Amino acid sequence: MWFLVIFPVLIITLYKVRKIYTYWKGRGVPYCVHPLHCFGLFSENALRINCYSDVFEELYYKFKNKRYIGFYNFFQPVLLIRDPNLLKRICVKDYHAFSVHSEAIPLNLDEQWSKNMYAETNTQRWQKLRTSMTPSFTSNKLKSSFPAVEQFAIEFVNYLRESIDKNVTVNMLEIIRRVLSDITVNAYFGVKCDSLREPKNIVHLMVHEAMTLPCFHGFTHLCSRVCPKLLQLLGVKVYKASVQNFFAEMMERRLQLEFENGFKPYDIITALPELQGVKFSNTEKLNRSLIDDITGHAFLLTFAGYETTVTTLMSLLYELTVNDVVQENLYRDIIQTLDKYNGNVCYESVKAMEYLESAIEEVLRLHPPAPVIDRLATVNYEIKAEHPNEEDVVIEKGTPIWILAKAIQNDADYFPDPKKFNPDRFLSKNRHTVAQYTNIPIGAGPRSCPGYRYGILQVKVIIVNLLLNFKLLPTEQTYVRKSSKTYTIRKHGVWVHLKTRLK
Ligand code: HEM
């Protein structure tokens, strides 16, 4: 009896699954077949079998000479882009047809998350947010944020000097996380912490908690792709309620102080459209839903800016530690530039360090914090055949597009000896050799990163202060490679032997 029910259900399910997984074949798009096909190749990541950027790099080389690849993310067909000209069309020329990001987190899971700039699908609301934020990253604004960042970098070096013996080996990951978390909460929430000396302070612990989004991990991640309704039923949010409340209270205090006493940490928050025209001249309590929205934006800035900056710094520290010649070139660049500025570490002198700029560009090429850039087709879009083995393909509205940034940036056709850390590639005399759209660590087009210059400023100031005081030497642990299964950052951190430089 049961058999009569189960058998037809099984046949219908198999038919539907087969229909999904023949989607790209039916369109004449080269596609990948994989042992874990029924969950899409992304399951490798969700099941913690492999790091997703490694999976994509493998695919990139497997489909050499193809401009795009059909792929399945669980039950959803996704188009992977491997050609720089096609990525230019998607992100820049025909931007209007791909103006939003695909859903990293299902939008109906958390209303507050869906309102932030990255997740916003309404292009008019996105434009308003973006326009309000852009002036916060001009050179003048960055210059005004310099003293605060420099102060944290000095504290960082003082801490290293105080807490270590003359020659010592440290894991930089936890220390860097603490410094950058202090810089971040100071900039957006106006709170001053000393997480170096008080690593268990509640604000730092909460930042850490906020950055480990449950939606991106293990079973919850699998559920968010396969059955988001289940997560809705279970009440799973992007951020835990305790974390949300903690930061909302901090934001409320910050805004009260700002509007009552003219206190100004970094005006990126007060520039937000939600706060335009709002009067806070009296002390009555601020509207909670407004505070929640503003906190949501501050969370995005923290999420988008903190983890990417930590990753960039860790990769740079690693490469400098294992490449002594590059480290010494950089040290020389710092000393020689500072000589021209009377030894002053200031916005202008740091900006003038060309080799430092090139080293950061090179580390972002080699280890981009975001290995894949995504878009969503907002209309049906035709990709015309350009090669004999291609057909015209219509990309249906609603199809996610994933651009294989890291794989492109590590392709020997664009960057000779691509795995070599070689900042010279980006010196002004060599820059013309870098082909357009082959290096996109901050994305491309109108939706590229608005805040990276602030992140890079933090990286520069910390590296300058560190190298002026210490030489970075490798130890056995430095060479152990255990990258995280989900992120590009080295999970076990970067072990460095610090040797005090004699002044
Ligand atoms: C080295 C540091 C950074 C890197 C490598 C980086 C990289 C990226 C990338 C790849 C994107 C997606 C771009 C696209 O889809 O085309 C992005 C978006 C974004 N980033 Fe960054 N980022 C960095 C630092 C920051 C900082 C410090 C902030 C904030 C202060 C920030 C705020 C944002 C925001 C708000 C978006 C979403 C933009 C939108 O959807 O319009 N980023 N970033």
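Relevant structure appears above.
About the thresholds
Residues numbered from 1 in each chain as written. Predicted model: local features only at pLDDT ≥ 70, side-chain atom pairs only at ≥ 80, totals over all residues. Heavy atoms only, no water. Phe/Tyr/Trp six-rings, centres within 6.5 Å; stacked < 30°, edge-to-face > 60°. Helix = DSSP H or I, 4+ residues; strand = E, 2+ residues; numbered from the N terminus. Buried < 20%, exposed > 50% of the residue type's maximum accessible area, 1.4 Å probe, protein only. 1 Å grid on protein atoms, 1.4 Å probe; cavity = no way out; pocket = protein on both sides within 12 Å on 5 of 7 lines; lining within 4 Å. Points joined across faces, edges and corners; volume = space filled by probe spheres on them. Nonpolar A, V, L, I, M, F, W, Y, C, P; charged D, E, K, R; others polar. Pairing = 2+ DSSP bridges. Axes fitted to C-alpha atoms, helices over the stretch in contact; angles between N-to-C directions. Contact = heavy atoms within 4.5 Å.

J.: How do you make sense of the packing of aromatic side chains when you look at a structure like this?
T.: Ring pairs (aromatic) are described by centroid distance and by the angle formed between their planes. A full pass over the atoms with the stated rule returns twelve aromatic pairs. With a centroid separation of 5.9 Å and 80° between ring planes, the pair formed by Phe56 and Trp402 is classed as edge-to-face. Of this pair, Phe56 sits in helix H4 (residues 52–62) while Trp402 sits in strand E7 (residues 400–403), and the two are 346 residues apart along the sequence. Judged on exposure class, the residue Phe56 and its partner Trp402 are both buried.

J.: How do you make sense of the layout of surface pockets when you look at a structure like this?
T.: Estimated volume of the second largest pocket: approximately 530 Å³. Along its surface, the second largest pocket is lined by 22 residues, and Glu357, Glu361, Tyr452, Arg453 and Ile456 are the ones closest to its centre. Put simply, the parts of the chain that give the lining of the second largest pocket at least two residues each are helix H16 (347–351), helix H17 (354–366) and helix H19 (452–469). The element that contributes the greatest number of residues to the lining of the second largest pocket is H19, accounting for five residues. Grouping the amino acids of the lining of the second largest pocket by side-chain chemistry returns 14 nonpolar, two polar and six charged.

J.: How should I be thinking about the sheet that holds strand E4 (residues 373–376) in this particular structure?
T.: Neighbouring strands of a sheet are bound in pairs by backbone hydrogen bonds; such pairs are parallel or else antiparallel. The four strands are arranged E1-E2-E7-E4 in an open sheet whose pairing can be described as mixed. Looking at strand neighbours, the two that pair on one side only are strand E1 (68–73) and E4, the edges of this open sheet. For this sheet, the mean angle separating the axes of adjacent strands, direction not counted, is 30°. As paired elements, E1 and strand E2 (residues 76–81) share six bridges and run antiparallel to each other. Residue Gly70 lies in a different strand from E2, and its bridge partner there is Leu79. Along the sheet, H4 makes contact with E1, E2 and E7, crossing E1 at roughly 145°.

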